[in-house]
Structures are given as structure tokens and as C-alpha cells.
Amino acid sequence: MSASNLASVEPATSMPAPESIASPVVQVRGLEKSFKKRQVIQSLDWSVPSGRVIGLLGRNGAGKTTLLRCLLGLSPIDGGSVELFGESMLEPGGKRMHRIGFVPQTFDLFPWMKVRAYLDFTAAFYERWNASLVDRLLGAWELDGKQKIGELSQGQRQKLAIVRAIAPDPDLLVLDEPVASLDPQARRAFMSELLTLMRAPGKTVIFSTHITADLERADADIALLRDGRIQFMRPLAELRERLKRVVFERPEAWSHPPVVAGTLKSHVQDRRAVLLVEDPMVESLHALAARENATVQIETPTLEDLFVELA
Ligand SMILES: Nc1ncnc2c1ncn2[C@@H]1O[C@H](COP(=O)(O)OP(=O)(O)OP(=O)(O)O)[C@@H](O)[C@H]1O
């Protein structure tokens, strides 16, 4: 059993608000991307409605960076199509880029420029540029405008990349592991800043991360990338409500896990059988436990548990 059951219950786009069905911000159809013989993205379909915060999860090497770069036209695609704001995306450029902010995984541009000069230089390219936000964030995040970019620490560069990406007031903000180098205080401050700015009508955030606590804090929709495809996209609250960890325990060892409808994954550990079940029927579980001379516990898994099980 696998997470694809989730996708079969509902397609990769889950329950968008009615007004957003008409105009997804991101619409990907049949996307293919390989590096030499290594196929990273395979027939990937993904529709991201406006107004959501999406956490893109996937194991190391699952293709998150590749997918985000393909979305933004930064990496050529081998097949399929990508539309942003309803228009085909073949390469970055044009007016639409004013509406898009991107924080790459590593930021190592313009090492000779000073922070303030770099931001002023970048501002000139944008129709909208929130100079007071820049000033506030430089202060709050303790970035020195007079310091050279090449002399910044990794975390400070990441902060600068974030300031640069959100200052143009983007409608779509794409962040590739934006908080990987930030300390816990900076991560929290960043997440709360991000959500305040982007939890506004018409704003959409897509960010990849391994830090599941941040996704929980952001109350994000979770999109899982595995085997080259988006396996499902669901609001975190819905995942937690519908997916349960069911633990059977009995005096004798299990040779195989008990059969339960909706099981996505299961394993046995001696006298324990642990199942991840979608929409479990509580009475049937208790009846099954009684037949098997077992006790049963139904738990709500953490997002990290879910990630470990499903990714
Ligand atoms: N420029 C490239 N040339 C060749 N292979 C590449 C290139 N970029 C990525 N890959 C391969 O594509 C696969 C997906 O890489 P990608 O960086 O997209 O994964 P990821 O999900 O972002 O990983 P992580 O969580 O570790 O950042 C990996 O197997 C990687 O080796």
C-alpha cells in the first residue's frame, strides 16, 4: 500500500476554494524532466490554487529543487507544460516576473556588492518595491546594509535572499528550503513575517522544507513529491484528521499485519502491528482487535511521523 491511495481518493489538488478552481496560480500538466538518463520528474500534474501556503515535502533527491526551478522557467523541461497565472511558462521574463518572488536554496550572487546597494539595485527592476519593509527587515534580522554579500554568513545570505524576494510584494512566492540555514529564532521570525505578508487574498506561497514544525506552524497544505510525481496535496489539518496511526498489541507475535480497510502502510514488530490508516472505522478496529485477542490504540500522527511513513 502506498500514499498513492491518497491520490486515488482525491487528485493532487485537494478541495480548493470554489473561486480558486477557475484560476490556479500554478498549473502543471504532464511535466517531464531528466538529467541525462536520470528521470527526476515523471508525468507530473499539479494545480496550485491562489491564496494557499503550500509546503512541498519530499526526501533528499526527490526532485523538489528541480520541480521549483522548472516551474519558474529556470530549468528547461523535457515535456509537458507549466502555466503561471494562466500563461505558459517557458522562460523567466516579462511582466509576470514582477509578481513572482523566488528564494533559491543557495544565494551566492554579487559577492562584491554591499547589502544595501544590492537591494537598491534590485529595486529598480520592480514595479512594486516595499522600501519600508526592507528597512524594517534589515533592522529586525540584524543585516548590516554596509556589509559585502560575500562576507555574509550562510544564514545572513538566506535572510537577504528572503528580503529580496518579498520586497517586490509578490503574488506568488516560491522558496526552496528557505530556513535551512536559519537558527530557530530567525526561523520563527521568518515564518511569522512570511505568513503575515502572504496570508492575504490572492497571495500564494510554495516552499520546500524538511522542517515539519514550520509547516505545522504555517498550517500549510502539504504536497508530497515522490517517484517524480505529486502524490497528494492536502491541508495539514485534514491529513491529521483523516490519517491515523493504529497500533494493535497482543500477547502473541504477528506474522503479518491485520487487514484493515484504508491502510496506506503497515509493519509488524513482534507483538505490535502498526498501521497508517486513512479514515479508520473505529468500531471495526475494536471488533478486529477483539477477534485477534489484541488491544488497539488509535493515534493522530505528527507530521514528521506522516512524512517518515509516506515520503
Ligand atoms: N544539474 C543537475 N545535473 C544532474 N543531476 C541533477 C542536477 N540537479 C539535480 N540533479 C539530480 O536530480 C535529483 C533531484 O535533485 P533535487 O535537487 O531536485 O532534489 P531535492 O528534492 O531538492 O533534494 P534535497 O532535499 O536534497 O535538496 C537528484 O538525484 C539529483 O542528483
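No experiment lies behind these values; they were computed from the predicted model shown.

Visitor: Outline the overall build of the chain, supporting the account with residue identities and numerical values.
Guide: Looking only at helices and strands, one finds eleven helices and 14 strands in the chain. In terms of its C-alpha atoms, the chain occupies a principal-axis envelope of roughly 70 × 40 × 40 Å. The buried share of the chain, taken over its 311 residues, is 40%. Taking the contacts inside the chain whose residues are at least 6 apart along the sequence as the reference set, 69% of them involve residues at least 24 apart.

Visitor: Provide a residue-level description of the site of the ligand, including the pertinent values.
Guide: Within the structure, the ligand sits among F35, R38, V40, G58, N60, G61, A62, G63, K64, T65 and T66. Of all elements in the fold, only β2 (38-48) and α3 (64-71) reach the threshold of two or more residues within the shell around the ligand. The element best represented in the shell around the ligand is α3, accounting for three residues.

Visitor: Tell me what's going on with the domain arrangement of the chain, and back it up with residues and numbers.
Guide: Many descriptions give the size of an interface as the accessible area lost when the pieces come together. Its domain assignment divides the chain into domain 1 (4-239) and domain 2 (243-310). The C-alpha centroid of domain 2 is placed 36 Å from the C-alpha centroid of domain 1. Facing ten residues of domain 1, the contacting portion of domain 2 comprises eight residues.

Visitor: I'd like a rundown of the sheet that holds strand β1 (residues 26-35), residues and numbers included.
Guide: Adjacent strands of a sheet form backbone hydrogen bonds with each other and so pair up, either parallel or antiparallel. Strand order in the open sheet made by the four strands is β2-β1-β4-β5, with antiparallel pairing throughout. Each end of this open sheet is capped by a strand with a single partner; those strands are β2 and β5 (87-88). Pairing of β1 with β2, which is carried by seven bridges, proceeds in the antiparallel orientation. Across the sheet, the residue bridging to V28 is W46, located in β2.

Visitor: Which residues make up the nonpolar core, and what values go with them?
Guide: Ranked by size, the top nonpolar core spans 76 residues in total, and within it L71, V174 and A223 carry the most contacts. By residue number, the principal contributor to this core is helix α6 (residues 154-166), which donates six residues. Mapping this core onto the domain boundaries places at least three of its residues in each of domain 1 (4-239) and domain 2 (243-310). Every residue in contact with L71, bar those within four places of it in the chain, is listed here: V26, V82, M89 and V174.

Visitor: Outline the sheet that holds strand β7 (residues 172-176), supporting the account with residue identities and numerical values.
Guide: Judged by pairing direction, the sheet is mixed, and its six strands sit side by side in the order β6-β7-β8-β3-β9-β10 without closing on themselves. Because the sheet does not close on itself, it has two edges, and the strands there are β6 (100-103) and β10 (229-235). The sheet shows a mean angle of 15 degrees between the axes of neighbouring strands, taken without regard to direction. The strands touched by α6 are β6 and β7; relative to β6, the strand with the most contacts, the crossing angle is about 175 degrees.

Visitor: Mind laying out the confidence of the model for the chain, listing which residues take part and the relevant values?
Guide: Mean pLDDT over the chain stands at 87; residues scoring 70 or higher make up 91%. Least confident of the elements in the chain is helix α1 (residues 4-9), whose mean pLDDT is 42; most confident is β1, at 97. Across residues 1-5, confidence stays below pLDDT 50; counting only partners more than four residues off in sequence or on other chains, it has 13 contacts. When the criterion is pLDDT under 50, residues 7-21 qualifies, and its contacts beyond four places in sequence or with other chains add up to 24 contacts. In the model output, the complex is listed with pTM 0.86 alongside ipTM 0.98.

The rules we used
Residues numbered from 1 in each chain as written. Predicted model: local features only at pLDDT ≥ 70, side-chain atom pairs only at ≥ 80, totals over all residues. Helix = DSSP H or I, 4+ residues; strand = E, 2+ residues; numbered from the N terminus. Buried ≥ 20, exposed ≤ 12 C-beta atoms within 10 Å, placed from the backbone. Contact = placed C-beta atoms within 7 Å. Near = placed C-beta within 6 Å. Domains from an automatic or database assignment. Pairing = 2+ DSSP bridges. Core = buried A, V, L, I, M, F, W, Y, C linked by C-beta atoms within 7 Å. Axes fitted to C-alpha atoms, helices over the stretch in contact; angles between N-to-C directions. pLDDT = per-residue confidence, 0-100.

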